[in-house]
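# Observations on the model geometry
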Amino acid sequence: MVNLNPIRMKSWDSSNIGGWLKDSLGDSSQVTVDGENLTYPQLVCQYIGMSLDEDEYFSILHTQVNDSLGKLSILTGALNKKISAEKLRSLNQLFDLHKKEKGLSPNRMVAFLDGYSLLPDSKDPGLNRRIKTVLIDLLKKLQKSYTEGTLHHEYRRITTDLVKWISNHVEPALKEIDFVQGMPAFLWYGTATPSEKWFLTYLADFGFHMVIFNPTNEPWPKTLLSIEDDLSYRFPKVSQDVKLLPEEMPKIAGTVAFKATQEINELLHHDDSGLYKPFQFKSYSINSIRLKTTEDEAFLISKERAMIR
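Computed from a prediction, not measured in an experiment: that's the story for all the values here.

Scoring rules and cut-offs
Numbering of residues begins from 1 in every chain and follows the order in which that chain's sequence is written. The predicted nature of this model means local features are confined to residues of pLDDT at least 70 and side-chain atom pairs, given and counted, to a pLDDT of 80 or more, with totals for whole chains, interfaces and linings taken over all residues. The basis for every side-chain value is the complete set of non-hydrogen atoms in the structure, without hydrogens or water. Secondary structure elements are defined from DSSP: runs of H or I of at least 4 residues count as helices, runs of E of at least 2 residues count as strands, and each element is numbered from the N terminus. Exposure categories follow from relative accessible area, calculated using a 1.4 Å probe and restricted to protein chains: below 20% of the type maximum is buried, above 50% is exposed, and the middle band is partly exposed. Working rule for contacts: check all heavy atoms of both residues, and any pair within 4.5 Å makes them a contact. Accessible areas in this description were obtained via Shrake-Rupley with a 1.4 Å probe; residue shielding takes into account the shown protein chains only. Note on geometry: axes are C-alpha line fits, over the in-contact stretch for helices, and angles between N-to-C directions span 0 to 180 degrees. Note on convention: the crossing is left-handed when the near helix lies turned anticlockwise from the far helix by less than a right angle, right-handed when the turn is clockwise. Only Asp, Glu, Lys and Arg are considered charged, only Ala, Val, Leu, Ile, Met, Phe, Trp, Tyr, Cys and Pro nonpolar, and every remaining residue, Gly among them, polar. Under the rule applied, a polar contact is a pair of N or O atoms within 3.5 Å (in protein, one hydrogen donor and one hydrogen acceptor; residues adjacent in sequence only if both atoms are side-chain atoms). When DSSP locates at least two bridges between a pair of strands, those strands are taken to pair. It is the directions from the helix axis to the C-beta atoms whose arc is reported. Salt bridge, as applied in this entry: a Lys or Arg side-chain nitrogen positioned within 4 Å of an Asp or Glu carboxyl oxygen. Each helix should span, by expectation, one fewer than its residue count multiplied by 1.5 Å.

Right, let's talk about the overall build of the protein for a bit. The helix and strand tally for the protein stands at 10 helices and 8 strands. Within the protein, buried positions represent 42% of all 309 residues. Within the protein, contacts between residues at least 6 apart in sequence are counted, and of these 78% link residues at least 24 apart. Of the accessible surface of the protein, which amounts to about 18300 Å², a share of 51% is contributed by carbon and sulfur atoms.

Let us look at the packing of helix H3 (residues 85–100) against helix H6 (residues 153–175). Two elements in contact, H3 and H6, have axes whose closest approach is 12 Å; the angle formed by their N-to-C orientations is 145 degrees. Between H3 and H6 the crossing geometry is right-handed. Counted together, Lys-87, Leu-91, Asn-92, Phe-95 and His-98 of H3 and Tyr-155, Arg-156, Thr-159, Thr-160, Val-163 and Ser-167 of H6 form the full contact between these two elements. Residues of the contact of H3 with H6, tallied by class, amount to 4 nonpolar, 5 polar and 2 charged.

Our next topic: the side chain of Ser-51. Mapped onto the elements of the fold, Ser-51 is located in the loop between strand S4 (44–48) and helix H2 (54–67). The class for Ser-51 is buried, based on a relative accessible area of 5%. Of note is the side chain of Ser-51, whose polar atom sits 2.8 Å from the backbone oxygen of Asp-53. Among all residues touching Ser-51, those that are not within four sequence positions of it are Glu-56, Tyr-57, Phe-235, Pro-236 and Lys-237.

Spatial strand order, S1-S3-S2: 3 strands in an open sheet with mixed pairing. In this open sheet, the two edge strands, each paired with only one partner strand, are strand S1 (3–8) and strand S2 (32–34). Sheet twist, expressed as the mean angle between neighbouring strand axes with direction ignored, is 25 degrees. Here S2 pairs with strand S3 (residues 37–42) via 3 bridges, running antiparallel. Its bridge partner being in S3, Asp-34 is matched across the sheet by Asn-37.

Taken together, 5 strands build an open sheet; the order of strands is S5-S6-S7-S4-S8 and the sheet is parallel. Each having just a single partner strand, strand S5 (72–74) and strand S8 (232–234) make up the two edges of the open sheet. Strand after strand, the sheet turns through a mean of 20 degrees between neighbouring axes, direction not considered. Direction of pairing for S5 relative to strand S6 (residues 185–189): parallel, over a ladder of 3 bridges. Bridging from a neighbouring strand, Ser-73 pairs with Phe-186 of S6.

Turning to helix H4 (residues 106–115), a few remarks are in order. Given 3.6 residues per helical turn, the α-helix brings residues three or four places apart onto the same face. Of all the positions in H4, only Pro-106, Met-109, Val-110 and Leu-113 are classed as buried. Seen end-on, H4 carries its buried residues on one side only, within an arc spanning 95 degrees. Its buried side turned inward, H4 meets H3, helix H5 (125–144) and H6. Positive backbone phi, at 60 degrees, marks Ser-117, one or two positions downstream of H4.

For side chains bearing opposite charge, pairing can occur when the charged atoms are close. Throughout the structure, instances matching the rule amount to 7 salt bridges. Asp-229 serves as the salt-bridge partner of Lys-222, at 3.8 Å between the closest nitrogen and oxygen. You can call Asp-229 partly exposed: its relative accessible area is 49%.

Looking now at helix H7 (residues 194–206). Compared with an ideal rise of 1.5 Å per residue, which puts 13 residues at 18 Å, H7 spans 18 Å between its outermost C-alpha atoms and is within 8% of the ideal. Here H7 lies mainly inside the structure; 10 of its 13 residues are buried. Gly-207 lies just past H7 and shows a positive phi near 130 degrees.

Encoded structure:
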């Protein structure tokens, strides 16, 4: 049995999330296994706006996916709403009861969903329990977001979509989890419907890693997913509309001048040069240390090579 205890990360390297996801449980200082409890760092982040070059922007997006070696998958345009006729009948019967009872509580709703076999039945008791408890907490949030509570007209549609997507996306992901390499991650690009927003919230609350590309700077990733500014990378501009997401990485050919610039950067900013690019370490936490020295030590230090940043 596995009990997940995800801890939201406070800092991240926005240029290398794909590489980090390949082995997100590799840092023993952040990952602990205490009996059946697994505590691990969870990445929930967003990229706000768009770079000046549209091809460069989509190249960054696809680079993160490719570098993850399958750990990061794109959900945008890929959500599967298929459901069997038998399960659909069960859902309709449940919502008829919901209407008759003038609104089932989230606890009772999930209990009936489980009783009607509308939720995944994981072989792991810990994961099986988490599927239900996270859904109960989510439906409570959804209930509070409407003045009519569970009787709001959107509640049925959102709950129905959640049932479909939990079965079609969460259940397969749980079957393929490798607790040696880490939890799967999902990427969302652009705008989202109310159902999609709540499903992405479910994924984050469950413990999956979430990466949001938010070109128009919509507020929902911050309000629903609780993404703070430290986990938000901002591009130079905010797009006025959402461009179509290309299925593959755009092909970009570098000019001679661009390649020369890259070569100069490599020469100037390698690990031993002592020359640092602006904001090179903006993704890292900084601890200030006050130094105490004597006049003699000051003269000794003054002879050392200066480091320019």
